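Below are the chains, spelled out letter by letter.
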Amino acid sequence: MSEIIVALEKVSYKYPRSLDFVLKNIDLTIQKGEFFGVIGPTGAGKTTLCLTMNAVVPQFYGGRFFGHVFVAGLDTLDYPISLLANRVGAVFDDPETQLIATSVENEIAFALENLLVPREEILKRIPHALAAVRLEGTEKKHPAELSGGQKQRLAIAAALAVQPDLLVLDEPTSQLDPVGSQEVFATVRELNKELGMTIIMSSHAAEEMAEYCDRVALLSNGELAAVGKPEEIYSQIERLLANDLRPPQVASTFYLIQQTGIPTGAIPVRMEEGSRYLKEVEEVCTIYPPKDIRQARVHTSEPVLSIKDLKHVYPDGTEALHGVSMDIREGEYVLIIGQNGAGKSTLVKHFLNLLKPTSGSVKVGGVETANLTVSQLARRIGYVAQNPDNQIFNATVGEEVAFALKALKYPPEEVESRTLEGLAAMGLSNVREIHPLALPKGDRARVVIAAILAMKPEMIIFDEPTTGQDYRGAKYILEISRQLHEMGKTIVVITHHLYLMPDYAERVLVMGKGTLLMDAPIREAYHAVELLQSTYLMPPQAVLLAQELGNLTNQSLPKLLTPEELASCFHYSHNGRTP
Amino acid sequence: MSMLKFQTVERDSFFTRLDFRPKLVMMAVISIIAFVWESPLLQMVMAFLIIIAALVVGVKFSYIRLVIMVMTPFYILLLLTHGFFNIDQVKALTGKSVLTPMFTFPESWWLIGGGMMSWEGFTYGVNAIFKTLSLTLVIPLGVFTTDVDTMIVGMVRARIPYKIAFIFSATLRFFPVLFQEIGMIIEAQRLRGLAMERMNPAQRVKVYAKVAVPLILGAMVKSQQLEVVLQSKAFSGSPVRTYLHESKMGIEDYLLIAFFVLLLIVATILYFAYGIGKFGGPI
């Protein structure tokens, strides 16, 4: 039996000013060399659990702590955090706040200097740590010069340089784009496989966690609801959904197939197994596509937004857009996808007149945006920032909604009537006198949207609304976008989370290196797998499985997008395939 | 990137290779002399020497121009207040009972009628301008020409508490992040439909003041995250730690320290023995 590196014995914990326990009676052991996943919805206690490993909980926070946490045999209550920092490397979710030095090499050296490691030894460890995360040659760079993925890899390198017994990563990919996320997962996996480093990672990235973890713990409301191998945890679809967690799509697909009475054996949770199971199930089924597949509406209305040959060159000479042309029509739901640096933000900033075209034209409602001010445009195009808190600055919800109307000198009666309409549309009438920041995060986004709605815009842009959100939070905000779409608004969403969008979007704009690589209905775009992968976007597993199914059956299946659509293609024929 | 580069000059020179300690001495000595001297001519010569030195070692002309532009309203105010109103002090310093008029406003003018700008008050204002310019520009001369790492270690070696050195370094690290955040918040406000372009300066200030709400809230969240990160990296603020970067003084560093100490001694002797540097003194 391998060595136990972490042992939690009946651990319960309550923060100093909280009413409830955040961790409740947790018993858990983690073996040396394991890649251990921690999953659970927001508020389940994942971060707190991670912080018990290096004694930040309870030594730094205080509060009431019961039980014991042993790390490499040391009781974390008996040793100072500074000593445990030698044993436990920690990486957090925000790439910005966890890098504190002014150069890459200083970042790696910082903890070592605090731990009194001699200079000569620090000089030896820096190149090793950077090599382990493939950041050689960046020693003198300022952290702000690194991409999001590189910043997280630097945080990992800084943790590794201490030569810890285990590495704890708390949602390290939640703020990253797909490339950054892949970089971090690949790095962590390599450390685990090549160097035998024990990894404890919390993450909402279900597909990757199922792929890489040896075991997974499911936390629910501070309790350890289940611990097991990924195939044991991620195959419990109902349990995951009950905990507002998103199962890997391959697991959802086979779960749904099973629900129709088709024996699938176990539920696979990784793509490789999914492909194998697909073949087995296909052999005992008749495959034909569902009849009621939702097709994207074709919009023939007048364009709300029209862009022609748009080029943009930044003052430093960077060519961010190279001749982009497209129309967005009234009532459309458009998804803009692409890597960081693909030109999405630059494009959207032209919609809002925050940037002026170097050449080409941008028209809103037939008028050149160059002839409109930002505030005039804001009345036609609403913008919901990634962090809605940045758009909130008034003392009550009502004042927040009325704020811009008053600034624009609308008559008091109109301010009142529009405010009431905006509040009612977002279901906020009963919290009008509440401070916006006293509301939950999802409702704060509603406040911003109510304020935008009061301006009666034709189009609303959601800028990465799902980044940093758990499944429940992401669905909540996307349901608001659906509600607005049903109200007749034109919706534009920018996101990296392709798997969340099939139920909402109709049309996809794929951006890459400043060009519009593809402009197509969502089914066409999601099935352009090679094109998506060429720009480092990962199509949802359901799309990949649908393509495999098409190849297996030599059928030209419609372009399926979701586990539900895919599962509905399977029709059990007890004695094998029927013609 | 410009936000990052302002911290250090790009040119490698004798000055950039110096230890931070002689630069600290330089900053201290020049500040003391600038503070004590009241001779407009000497102050002007010193300010020009500092500007030339700064340009030679690579501080961008655009930065110096920006400092001067930002300070210009203040300089005009200095000239006016000293020229018109600093009568008693200037009389005492020069020993004159009547000051030399430069020009006088006609008596008939409302409020300012009869006001006289004196030559002595004007030159005292010139002294004050170059004094502030020297005090302002000696900082980039010392700071911009030193790598942040060397600066931190130099500060610690100069017995400045490590906590202060760390705060200085963390400020430089988070300066770009903070500016980025302010930009994002102002952009978000404009996108709420606020017609900034149609607002008068007072209304704009009122709107910009509201940036503080999300900024402070964001900063509070970030500072708590930062505390946890620091704890995880065994930070305690204790000066008992090792340093990746070394701070070793070479012969040129000692020579520079000796030069500035000597300069201070000479300036003091000249000031008190011969009145050189005094307002109305020989130079």
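Since we're looking at a predicted model, the values are computed, not measured.

1. A closer look at the nonpolar core
Okay, so step 1: Judged by nonpolar contacts, the single largest core of 141 residues is most densely connected at A:Ile156, A:Leu167 and A:Phe570.
Okay, so step 2: Discounting chain neighbours no more than four positions away, the residues touching A:Leu167 are A:Gly89, A:Val91, A:Ile156, A:Ala159, A:Leu160, A:Leu191, A:Met197, A:Thr198, A:Ile199 and A:Ile200.
Okay, so step 3: Counting residues in hydrophobic clusters, the runner-up holds 57 residues, among them B:Tyr75, B:Ala128, B:Phe130 and B:Val156.

2. Let's talk about the domain arrangement of chain A
All names here are of chain A.
Okay, so step 1: What the domain assignment reports for chain A is domain 1 (4-244), domain 2 (250-293 + 541-572) and domain 3 (303-534).
Okay, so step 2: The gap between the C-alpha centroids of domain 2 and domain 3 is 35 Å.
Okay, so step 3: Each partner contributes residues to the interface: domain 2 has ten residues there, and domain 3 has eight residues.
Okay, so step 4: Buried area between domain 2 and domain 3, summed over both chains or domains, comes out near 850 Å², and the portion from carbon and sulfur atoms is 66%.
Okay, so step 5: At the boundary of domain 2 and domain 3, one finds one salt bridge.
Okay, so step 6: As a salt-bridge pair, Arg-523 and Glu-565 come within 2.7 Å of each other at their nearest N and O atoms.
Okay, so step 7: Ranked by the residues each element gives to the side of domain 2 that touches domain 3, the list is headed by helix 21 (residues 541-553), at four residues.

3. Here we look at the sheet that holds strand 9 (residues 215-220) of chain A
All names here are of chain A.
Okay, so step 1: In spatial order, the strands read 6-7-8-3-9-10; together these six strands make up an open sheet with mixed pairing. The open sheet is flanked by strand 6 (88-91) and strand 10 (223-228), the only strands paired with a single partner. For this sheet, the mean inter-axis angle between neighbouring strands, taken without regard to orientation, is 15°.
Okay, so step 2: When strand 3 (residues 35-39) meets strand 8 (residues 198-202), the two strands line up parallel, connected through four bridges. Residue pairing across strands places Phe-35 opposite Ile-199, the latter belonging to strand 8.
Okay, so step 3: Across the sheet, helix 7 (residues 178-195) is in contact with strand 3, strand 7 (166-170) and strand 8; its angle to strand 8 comes to roughly 150°.

Quick notes on the rules
What you see as residue numbers is a count from 1 along each chain, following the sequence as written. Written order decides the labels, with chains lettered from A and ligands numbered from 1. Thresholds applied to this predicted model are a pLDDT of at least 70 for local features of residues and 80 or more for the giving and counting of side-chain atom pairs; totals over whole chains, interfaces and linings are not thresholded and use all residues. The basis for every side-chain value is the complete set of heavy atoms in the structure, and neither hydrogens nor water enter the calculation. As used in this record, nonpolar core signifies buried Ala, Val, Leu, Ile, Met, Phe, Trp, Tyr and Cys residues forming a set joined through side-chain atoms within 4.5 Å. Each residue's exposure class comes from its accessible area (1.4 Å probe, protein chains only) as a fraction of the maximum for that residue type: buried when under 20%, exposed when over 50%, partly exposed otherwise. Contacts between residues were defined by any pair of non-hydrogen atoms, one from each residue, lying within 4.5 Å. Domain start and stop points were drawn from an automatic or database domain assignment. Buried area is calculated as the accessible area (1.4 Å probe) missing from two parts once they are joined, with the contributions of both summed. Definition used for salt bridges: Asp or Glu carboxyl oxygen within 4 Å of a side-chain nitrogen of Lys or Arg. Where helices and strands are cited, they refer to DSSP runs of H or I of at least four residues and of E of at least two residues respectively, numbered from the N terminus. In this description, strands pair whenever DSSP reports at least two bridges between them. All axes are obtained by fitting lines to C-alpha atoms, using only the stretch in contact for helices, and the reported angles, taken between N-to-C directions, cover 0 to 180 degrees.

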